[in-house]
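Here is what each chain is made of, one letter per residue.
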Amino acid sequence: AQTRFVLRKALAHGLKVVIVINKIDRDNAEPAKMYEKVLELLMELNATEEQFDAPVVYGSGRDGYMMYHLGDEKKDMTPLFETILDHIPPPFAKPNEPFHMLVSNLDWSDYVGRIAVGKILGGTAKVGDNVFVIRHSDHKRVRAKITKIFEFTGLGTRETESAVAGNIVGLSGFEDVDIGDTLTVEENGHALPFTQIDPPTLEMQFAVNDGPLVGTEGKLVTSRQLRERLMRELKTNVSISIEDSDKAGVFNVKARGAMQVAVLVETMRREGFELLVSRPTVIEKVVDGKRLEPYETVWIEVPDECVGSIMQNLANRKGQLTNMEKHPHSTMIEATITTRGLIGMEIDVVNATSGRGVLSHLFKEYGPYAGDVLTRVTGTLIATEAGETTTYALLMVQERGKLFVSPGEQVYEGMIVGENPRNEDIAVNAVREKKLTNFRSQGEGVAAGLTPATKLSLER
């Protein structure tokens, strides 16, 4: 799905393509067949005739060789570099025009504040130059002064006094700059065209932790700290939006997918924040009085013996099968499904295929509302008492279903400690201790067959 997404964007921008068939040193490599598949993909993504007639090289990056034709002598990587130089045009730039640049990304530094990142399309930028920021949102012009210039080298950055057209640089000295803004040295310069960013499709709520175990895992727990951190995220992350909700200490976070939110929450957790995260909900639209919701294309590669259970799962989630391909050791299923129906499906695929299934998905379009989707068929196990879980109690609880907690963990009254196969909630005591007597039998108290608990990660 990632290859499709990036290639589709590149083709739409009119970029030229070089096909590199890598890893041909492997025993089961089929370079000629792979080349055919890449051509099929280019055709499917509406490549132009020039893009479709892309040059191709074959080789092994690990072993350090590339060749123009299969069967050529294995020397070095020169064929790849020569193909890039011959086929890919140099960066678009007008060095003799006045300085202008489109801000395509943002960075943040505690020392210099916001850093505008982009490719200089014309002229030269020097430290101390006065420039104008033409805002993409309201087309207002704001005067600013470049205080630092950063050039990217490898994975790091280094400071420089000036930068020329064609280079990708970071510029600081702006109080307020956003992605899509134009930087120009001319007071009456024109705004550069801005590429539209894909809209967010999921919404989740971040809230202050008001649970009984507050403050045990993080030091930053107040709504002010949470709000400041989320607003700081907005300065560098253009694809999410954050709003205050009508409840105190609760913030609505809109993003492109559950994974993006999971990365943000995990980053905040490592920084010492403690917060509540709601179940994800999809962002719907109403167009001409019709209720629309986001749809995605999903690709699932599964072992042959697991195809039946995956097809059943797709049917429950109202997925429409669009293609099915048989590979030597697996089957590739392609389907269209609502974003709502996709929530939680990855875990189902992992469970049904014993971890061998691979799922990728990509936003497709907004379509008509699909009705109710069955995403969960299990009930929960709920703790009736607060305290520390014991092996003795959990041995009895696990007869009812799967555990989410291990021995020695703190639980509170009303906490979900597991799931059960029936579609109902069962109250259980997870903190019961064994009554000690004077009579002991051999092997008593041994944790006989306590199954490891299912740990609930953010994706799960």
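A brief structural summary. Within every chain, residues take consecutive numbers counted from 1 along the sequence as written. Residue-level local features of this predicted model are given only where pLDDT is at least 70; pairs of side-chain atoms are given and counted only at 80 or more, and the full residue set underlies all totals for whole chains, interfaces and linings. Water and hydrogen atoms play no part in the side-chain values, which are based on all heavy atoms of the structure.

## Here's the deal with the sheet that holds strand 1 (residues 19–21)
Pairing between sheet strands relies on hydrogen bonds along the backbone, with the strands arranged either parallel or antiparallel. Any two strands are treated as partners once DSSP identifies two or more bridges connecting them. We count a stretch as a helix when DSSP gives it H or I for four or more residues in a row; a strand needs E for two or more, and each element gets its number in order from the N terminus. With mixed pairing, three strands are arranged side by side in an open sheet as 1-2-3. Every interior strand has two partners, whereas the edge strands, strand 1 and strand 3 (65–67), have only one. Going from strand to strand, the sheet's axes swing by 30° on average, the running direction of each strand aside. Across three bridges, strand 1 lies against strand 2 (residues 56–60) in parallel orientation. When the sheet's bridge partners are listed, Ile-19 is paired in strand 2 with Val-56. Here an angle of 0 to 180 degrees is reported between the N-to-C directions of two axes, which are lines fitted to C-alpha atoms, with helices fitted over the stretch in contact.

## Notes on the sheet that holds strand 29 (residues 416–420)
Across the sheet, which stays open at both edges, the four strands sit in the order 27-29-25-30 with mixed pairing between neighbours. In this open sheet, the two strands that pair with only one neighbour each are strand 27 (402–403) and strand 30 (426–428).

## Here we look at helix 7 (residues 307–316)
Type-normalised accessible area, obtained with a 1.4 Å probe on protein chains alone, sets the label of each residue: buried when under 20%, exposed when over 50%, and partly exposed for intermediate values. Buried residues of helix 7: Val-307, Ile-310, Asn-313 and Leu-314, and no others. The buried side chains of helix 7 occupy one side of the element, clustering within an arc of 125° when seen end-on. Only heavy atoms matter for contacts: two residues are in contact if any of them lie within 4.5 Å across the pair. Tucked inside the fold, the buried residues of helix 7 contact strand 21 (290–302), strand 22 (320–326), strand 23 (331–338) and helix 9 (345–352). Where helix 7 terminates, the next one or two residues include Lys-318, which has phi positive at roughly 60°. The arc refers to the directions leading from the helix axis to the C-beta atoms.

## A look at the pairing of strand 9 (residues 141–145)
Pairing between strand 8 (residues 130–134) and strand 9: five bridges, direction antiparallel. Pairing of Phe-132 across the sheet is with Arg-143, part of strand 9.

These figures come from the coordinates and say nothing about function on their own.
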